[in-house]
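Examining the three-dimensional arrangement
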Amino acid sequence: MSATALGPNSTCQAVMCIELAATSVDQPIDKNAAIRCSGVTRKVYTTLYKTLENILEMKQDIGIRDLAVQFGCLPAVNPALEILARYRKECEGKMSESARDDVNFNSSLFTTGSLYTACRHLKIKVEKSKFLLVAGVKKSTFDRLSSDLTTHATAVIGERKTGKSKRQGHWLEDLEKSFEEECSPPKRQPIAKQHGVSNGNNDYEEWKRKILEGTKTNTQS
């Protein structure tokens, strides 16, 4: 597929090729100036540029964690990694050995698709348009991949929620047990101990009683 097939005018094609060439040799380029020279809007230019980058296989892969930082959805990182791993395992099981080498599951298409699907199932609000921009593919292609990933997302996130509920249940049970132990009435102590009376005190009281009785008898005499 040529750049002409993407639909941009000749000036836009030339500007995109210059930017791609500069990027490939790590030379800085003024993005704003490039967009002004292209004769199209920023959104159109960015979409065309990403598409051309994918066609020429010049796009640098972006990891799921980096994407999550960029889009502000870090809680979705681990589920997204699990979703992609399950999807990759499923696909590779159906592919021939030669076909496996042709698919890069670390490409932006798969990383953005996995992260976006995880966000949807975790109910994390994200802008789909930003994911599409990084993926560099048509919306229909992205939606088809997201649909394929949904089964794995349901399995992964469902398992994680179940595990979390079980752990929470154990914690609540421990808390309830501790609360019951603290609130249970104390064991009754022997009467002698409750009143602070010991055998020695009993002997003293008996001796005191006898002395008083003896004193009383002597007085009466």
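Not measured: the values here are computed from a predicted model.

One way to put it is that helix H1 (residues 10-24) packs onto helix H3 (residues 42-55) with a least axis distance of 10 Å and a crossing angle of 55 degrees. By the angle class used here, H1 and H3 are oblique. Here H1 runs over H3; the crossing is right-handed. When H1 is examined against H3, the residues Cys12, Val15, Met16, Glu19, Leu20 and Thr23 are found in contact with a partner set consisting of Tyr45, Leu48, Tyr49, Leu52 and Glu53. Its residues placed into classes, the contact of H1 with H3 shows eight nonpolar, one polar and two charged.

Let's shift gears to the confidence of the model for the protein. In low-pLDDT regions, the fine details of the predicted coordinates are not to be read closely. Across the protein, pLDDT averages 77, with 68% of residues at or above 70. Low confidence marks residues 165-169, where pLDDT is under 50. Its contacts with residues over four positions away, or in another chain, come to zero contacts. Considering only residues more than four positions removed or in separate chains, one finds that residues 191-197, a stretch of pLDDT under 50, has five contacts.

In this structure the tally under the stated criterion is seven aromatic pairs. When the ring of phenylalanine 71 is compared with that of phenylalanine 131, the centres are 4.4 Å apart and the planes differ by 40 degrees; the resulting orientation is tilted. Of the two residues, phenylalanine 71 is situated in helix H4 (residues 64-71) and phenylalanine 131 in helix H8 (residues 128-135); the sequence distance between them amounts to 60 residues. When sorted by exposure, phenylalanine 71 lands in the same class as phenylalanine 131, which is buried. Note on tyrosine 116 and phenylalanine 142: the rings are 5.6 Å apart at their centroids and 55 degrees apart in plane angle, and the pair reads as tilted. With tyrosine 116 in helix H7 (residues 108-122) and phenylalanine 142 in helix H9 (residues 139-183), this residue pair connects regions lying 26 residues apart in the sequence. Owing to a relative accessible area of 0%, phenylalanine 142 belongs among the buried residues under this scheme. Through pairs of rings, three or more aromatic residues link up here, namely Phe71, Tyr116, Phe131 and Phe142. Over the face of the ring belonging to tyrosine 49 we find lysine 31, whose NZ or CZ atom lies 4.2 Å from the ring centre.

The rules we used
- Residues numbered from 1 in each chain as written.
- Predicted model: local features only at pLDDT ≥ 70, side-chain atom pairs only at ≥ 80, totals over all residues.
- Heavy atoms only, no water.
- Axes fitted to C-alpha atoms, helices over the stretch in contact; angles between N-to-C directions.
- Helix = DSSP H or I, 4+ residues; strand = E, 2+ residues; numbered from the N terminus.
- Parallel < 35°, antiparallel > 145°, perpendicular 65-115°, else oblique.
- Left-handed = near helix turned anticlockwise from the far one by under 90°.
- Contact = heavy atoms within 4.5 Å.
- Nonpolar A, V, L, I, M, F, W, Y, C, P; charged D, E, K, R; others polar.
- pLDDT = per-residue confidence, 0-100.
- Phe/Tyr/Trp six-rings, centres within 6.5 Å; stacked < 30°, edge-to-face > 60°.
- Buried < 20%, exposed > 50% of the residue type's maximum accessible area, 1.4 Å probe, protein only.
- Lys NZ or Arg CZ within 6 Å of the ring centre and 35° of its normal.

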